[in-house]
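# Inside the fold
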Amino acid sequence: MLTPELEAHRARIEHHAREYGLDFFQTFFEILDIRKISEVAAYGGFPTRYPHWRFGMEFDGLDKGHSYGMQRIYEMVINNDPCYAYLMASNPVYDQKTVIGHVYAHCDFFKNNLWFSKTNRKMMDEMANHAARIRRYIDKYSLDTVEAFLDRALSLDNLIDPHSMFIERTARELTEEEKIERRQVPRIKAKKYMERYINPKEYVEEQKRKMQEEEDRRDEHFPPEPVRDVLAFLIAHAPLKEWQQDILSIVREEAYYFAPQGMTKIMNEGWATYWHSRIMTEKAMDDSELIGYADHYAGVVATRPGQLNPYKLGVELLRDIEERWNKGRFGREYEDCDDMKEKLTWDRKLGLGREKIFEVRKLHNDVTFIDTFLTPEFVRKHKMYTFGYNPQRERWEIFSKRFEDIKQKLLQNLTNGGQPFIRVENGNHDNRGELLLGHQHEGVDLKMDYAQDVLRNLAAVWGRPVNLATVLGEKEVLLRHNGETFSAREVGARKNGEKEEENGGA
């Protein structure tokens, strides 16, 4: 419950937010002390989760970070209908007002952004249901047994396809008549007395043999098309016990719920920062709160050398879009203008900025946001650059200030959350029941320690060796883990009949 003072501020800020055009679910606020808010933050914002050691580690890190003054939790908000948000009790009033405006903008983003449209809006209840199911398995099979499998499942929770929720599957199941017809041997139509001449026994047997070979080939190579949702494939085809299958389904469902948050981090935080600053500076801030608010805002959008601040990049790019569409700095006429002086003073007074940023909020994720709206002018204005480690000089240094390099680096880090694209290629590799995965190489090699751990956990879930085709140092390589040992060999390096040598690394 909010104090009467905070409740009055909340009601006014909600009114201002709706006046600006924000549209959000009903939102409930709770005030928590630092220890309690750290507990909820460790659970991903939910008051109840299944028991697992990683939540304890997360809580310990948050609690110590606050105690040592290294970090501070201002708010948390959950994508749910209704939305639930948490405020930290020790924050001053101007911080609480800022955070309330920030929360309403997040809730607007959750409700209206396309990439959140397929998420479960009753996830608060679903998380509690997940926790109850896993606790029942712990009671039945023991904590160590369930936790060991849960560890493996959580290590694979990024092997999903976030775009699959928007793909409509049009394929249908064959009817029984169609299945029977498919199994029938093709015959040349002939009158009964000519049957043995037109469709002799040898011909019929040959057709049966070809059909059987085709069926065997289908069995040897499944799925028919590569599958990016590896977790769904494991749930459907791995030799799992019922409780293991259920836990893997829980991990997959939660991964899909959290996926849009990772896909829209820059936009979501930029949108919330944009609106809390508008609400505070134009509507809700008292004169006595100016210095405290300015200090808070400066900390939120502060830039640090070599680090990407999603709040800063998101809010500045939204403001840039608003200014460009207000002044008409877009389209063929503007792009074709070669006079830099004219472009600097370009103002067609269109006033389309507010409408445009609401459209951007509705349709885009971080990748399309950066790809569509990042401009060379924006990069120069904000002094952006790429950097990396120079092994020759043994130091970190700026690599490039070119727009193309900066945009490419941003998109590379944001695409698929910076995670590699992995797909199931074959569930019966070499006709031995082994799993074959494919890595869509985008110019960055896999980290071998991560790859080895993931393959080991996949082998444990699959119950058979797991292979991964990738590229290392411009050479095609097949990684393999049989549950005990890890090996890597160049594709085509093994001759027929030659035994594959096992080793402990690439």
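See the structure above.
### Digging into the packing of helix H12 (residues 265-284) against helix H17 (residues 353-363)
Contact pair H12 / H17: the axes reach a minimum separation of 11 Å and the direction vectors enclose 145 degrees. When you trace H12 past H17, the crossing you get is left-handed. Here Met267, Trp271, Tyr274, Trp275 and Arg278 of H12 come into contact with H17, specifically with Arg354, Ile357, Phe358, Val360 and Arg361. Grouping the amino acids of the contact of H12 with H17 by side-chain chemistry returns 7 nonpolar, no polar and 3 charged.

### Describing the pairing of strand S5 (residues 395-400)
For a regular strand, side-chain orientation follows a simple rule: the groups alternate between the two sheet faces. By the bridge criterion, 5 bridges tie strand S4 (residues 386-390) to S5 in an arrangement that is antiparallel. Residue pairing in the sheet places Gly388 in a bridge with Glu397 of S5. Turn length for the S4-S5 hairpin, with the two strands adjacent in sequence and antiparallel, is 4 residues, and the turn residue Glu394 shows positive phi of about 55 degrees.

### Regarding the packing of aromatic side chains
One pass over the full model with this rule turns up 27 aromatic pairs. Aromatic pair Tyr334 and Trp346: ring centres 5.2 Å apart, planes at 80 degrees, arrangement edge-to-face. Of the two residues, Tyr334 sits in helix H15 (residues 331-336) while Trp346 sits in the loop between helix H16 (340-344) and H17, which places them 12 residues apart along the sequence. Through pairs of rings, three or more aromatic residues link up here, namely Tyr20, Trp271, Tyr274, Trp275 and Phe358. Lying over the aromatic face of Tyr334, Lys343 brings its terminal NZ or CZ to 4.6 Å of the ring centre. Note that Arg348 overlies the ring of Trp346, its terminal NZ or CZ placed 3.8 Å from the centroid.

### Section: the sheet that holds strand S1 (residues 27-32)
Spatially, S1-S3-S2 is the arrangement adopted by the 3 strands of the open sheet, whose pairing is mixed. Only two strands of the sheet have a single partner each, and these edge strands are S1 and strand S2 (75-78). Each adjacent strand pair in this sheet contributes to an overall mean axis angle of 20 degrees, direction not counted. Of the pairings in the sheet, the one linking S2 to strand S3 (residues 83-88) comprises 4 bridges and is antiparallel in character. Note on S3: the bridge partner recorded for Glu75 is Leu87.

Conventions and cut-offs
Throughout this description, residue numbers start from 1 for each chain and increase along the sequence as written. For this predicted model, a pLDDT threshold of at least 70 governs which residues receive local features, and a threshold of 80 or more governs which side-chain atom pairs are given and counted, while totals over whole chains, interfaces and linings are taken from all residues. In computing side-chain properties, one takes all heavy atoms of the structure into account and sets aside hydrogens as well as water. What counts as an axis is a line fitted to C-alpha atoms, over the stretch in contact for a helix, and the angles between N-to-C directions run from 0 to 180 degrees. By the criteria applied, helices consist of DSSP H or I runs no shorter than four residues and strands consist of E runs no shorter than two, each listed in order from the N terminus. Handedness of each helix crossing follows the sense of rotation of the near helix against the far helix: counterclockwise by less than a right angle gives left-handed, clockwise gives right-handed. Note on contacts: a residue pair qualifies if any of its non-hydrogen atoms lie within 4.5 Å across the two residues. Note on residue categories: nonpolar means Ala, Val, Leu, Ile, Met, Phe, Trp, Tyr, Cys or Pro, charged means Asp, Glu, Lys or Arg, and polar means any other residue, Gly included. Paired strands, as defined in this entry, are two strands with at least two bridges between them according to DSSP. Side-chain rings of Phe, Tyr and Trp, where Trp is taken by its six-membered ring, are said to pair if the distance between their centres is within 6.5 Å; with planes under 30 degrees apart they count as stacked, over 60 as edge-to-face, and otherwise as tilted. Counted as over-ring charges are cases with an Arg CZ or a Lys NZ within 6 Å of the ring centre that also lie within 35 degrees of the ring normal.

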